[in-house]
Amino acid sequence: MTTVAVLAPDGSTGDSIELPDAVFDTPVNVPLIHQVVTAQLAAARQGTASTKTRGEVSGTGRKPYKQKGTGRARQGSLRGPQFEAGGVAHGPKPRNYEQRTPKKMKAAALRAILSDRARNGRVHIVSGFVNGTEPATKDALATLQRLVAERPRTLAVLLPSQSTDWLSLRNLVGVTVIAEGQLNAYDAVVSDDIIFTRAAYDAFTARQTTSRVNREGER
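Residues numbered from 1 in each chain as written. Predicted model: local features only at pLDDT ≥ 70, side-chain atom pairs only at ≥ 80, totals over all residues. Heavy atoms only, no water.

Enquirer: What is the right way to look at the overall build of the protein in this model?
Expert: Across its full length, the protein holds seven helices and six strands. Starting at the N terminus, the α and β elements of the protein follow one another as β-β-α-α-α-β-α-β-α-β-α-β-α. Taking 2.2 N^0.38 as the reference for a compact globule, 219 residues should give roughly 17 Å; the C-alpha atoms of the protein span a radius of gyration of 27 Å, well beyond that estimate. Projected onto its principal axes, the C-alpha coordinates of the protein cover approximately 90 × 50 × 30 Å. Per-residue burial over the protein gives 37% buried out of 219 residues. Contacts in the protein between residues far apart in sequence, at least 24 positions, make up 68% of those at least 6 positions apart. When the accessible surface of the protein is summed, it comes to about 13,000 Å², and 50% of that surface belongs to carbon and sulfur atoms. Charge separation in the protein, taken as the distance between the mean sites of 30 positive and 20 negative side-chain charges, equals 22 Å. (Helix = DSSP H or I, 4+ residues; strand = E, 2+ residues; numbered from the N terminus. Rg over C-alpha atoms; globule rule 2.2 N^0.38 Å. Buried < 20%, exposed > 50% of the residue type's maximum accessible area, 1.4 Å probe, protein only. Contact = heavy atoms within 4.5 Å. Areas by Shrake-Rupley, 256 points an atom, 1.4 Å probe, with all protein chains shown as cover. Lys, Arg positive; Asp, Glu negative; His and termini not counted. Charge placed at Lys NZ, Arg CZ, Asp CG, Glu CD.)

See below:
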């Protein structure tokens, strides 16, 4: 079981938290992570690319020249793909790129990524990123530098109600801010470190525990 100290914005450490093994100490299944992340990126594609076939472009259907006697290759229409204003052969059409990914697979991939980060000391918990109720990007940056000074990509996990921290972090380069309920495999896997606020951590682990109980009840 991994233990993480809760860091305060002033740099002091409070109580320590033992990360639950069911969430932060599971086997790392690389093929599963790859499948889930690939599906997530595919689902983000718009799929609106579209080209016109020879039957859809405007233009005459007249034969450009007679079949024989010209010395040139026979042609039946000026709308063929070999002509400048013709249609496109085998071009893209609007399509849906989504791949079916069960919720259990997504949850298992996220747990695997969190476990990998936790084993390498890259899961952190803070009581908050700034002191007081006023946004302060400078204070938030100082908190980050105490934890992840050498690594450029950080994922900050907050509650939607923690507006002061949201506003303080939103302009920092290399920092992705996400709501606890939206934590996903892609944002986790592309981040070097994952930082939870204490409130977001409590909400996340409580939801994970509830989901685990439900899964075991289904068996």
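Enquirer: Could you clarify how one ought to interpret the pairing of strand β4 (residues 154-158) in this entry?
Expert: For a regular strand, side chains alternate in direction, first toward one face of the sheet and then toward the other. The element β4 is extensively covered by neighbouring structure, given that five of its five residues are classed as buried. Here β4 shows a buried face lined by T154, A156 and L158 and a second buried face lined by L155 and V157. Direction of pairing for β4 relative to strand β5 (residues 175-179): parallel, over a ladder of five bridges. Paired with L155 across the two strands is T176, which belongs to β5. Here β4 pairs with strand β6 (residues 193-197) via four bridges, running parallel. (Pairing = 2+ DSSP bridges.)

Enquirer: Mind showing me how you'd approach the sheet that holds β5 here?
Expert: The strands making up a sheet associate through backbone hydrogen bonding, with each pair oriented either parallel or antiparallel. Here six strands make up an open sheet; going across it, the order is β2-β1-β3-β6-β4-β5 and the pairing mixed. Looking along the sheet, the strands with just one partner apiece sit at the ends: β2 (13-18) and β5. Between one strand axis and the next, the sheet turns through 25 degrees on average, direction left out of account. With two bridges joining them, strand β1 (residues 3-7) and strand β3 (residues 123-126) adopt parallel strand pairing. In the strand pairing of β3, V6 is matched with I125. Contacts from helix α4 (residues 137-148) reach β1, β3, β4, β5 and β6, with the element oriented near 145 degrees to β3. (Axes fitted to C-alpha atoms, helices over the stretch in contact; angles between N-to-C directions.)

Enquirer: How should the environment of Q208 be read in this particular structure?
Expert: Relative to the helices and strands, Q208 resides in helix α7 (residues 198-218). Sequence separation of Q208 and L114 is 94 residues, and the distance between their C-alpha atoms is 12 Å. Once residues within four sequence positions are removed from consideration, Q208 is found in contact with V23 and R111.

Enquirer: Honestly, the packing of aromatic side chains in this entry has me stumped. Any pointers?
Expert: The relative placement of two aromatic rings is captured by the distance of their centres and the angle of their planes. Taken as a whole, this structure holds four aromatic pairs when the rule is applied. Note on F196 and Y201: the rings are 6.1 Å apart at their centroids and 80 degrees apart in plane angle, and the pair reads as edge-to-face. For Y201, a relative accessible area of 4% translates into the label buried. Residues F196 and F204 carry aromatic rings whose centres are separated by 5.6 Å and whose planes lie at 35 degrees to one another, so their mutual orientation is tilted. (Phe/Tyr/Trp six-rings, centres within 6.5 Å; stacked < 30°, edge-to-face > 60°.)

Enquirer: What is the right way to read the pattern of salt bridges from this model?
Expert: Any two side chains of opposite charge can pair if their charged atoms end up close together. According to the stated counting rule, one finds eight salt bridges in the structure shown. Across the salt bridge formed by R198 and D15, the nearest N and O atoms sit 3.3 Å from each other. Here the residue R198 occupies a position in helix α7, and D15 occupies one in strand β2, the gap between them amounting to 183 residues. For D15, a relative accessible area of 43% puts it in the partly exposed group. Linking R119 and D25 is a salt bridge whose minimum nitrogen-to-oxygen distance equals 3.2 Å. On the criterion of sequence distance, the pair formed by R119 in helix α3 (residues 103-119) and D25 in the loop between α1 (21-24) and α2 (30-43) is long-range, its members being 94 residues apart. A residue is classified by how much of its surface remains accessible, and R119, at 42% relative accessible area, is partly exposed. Classification of D25 as partly exposed rests on a relative accessible area of 37%. Beyond isolated ion pairs, a larger network of salt bridges with shared partners links D15, R198 and D202. (Salt bridge = Lys/Arg side-chain N within 4 Å of Asp/Glu carboxyl O.)

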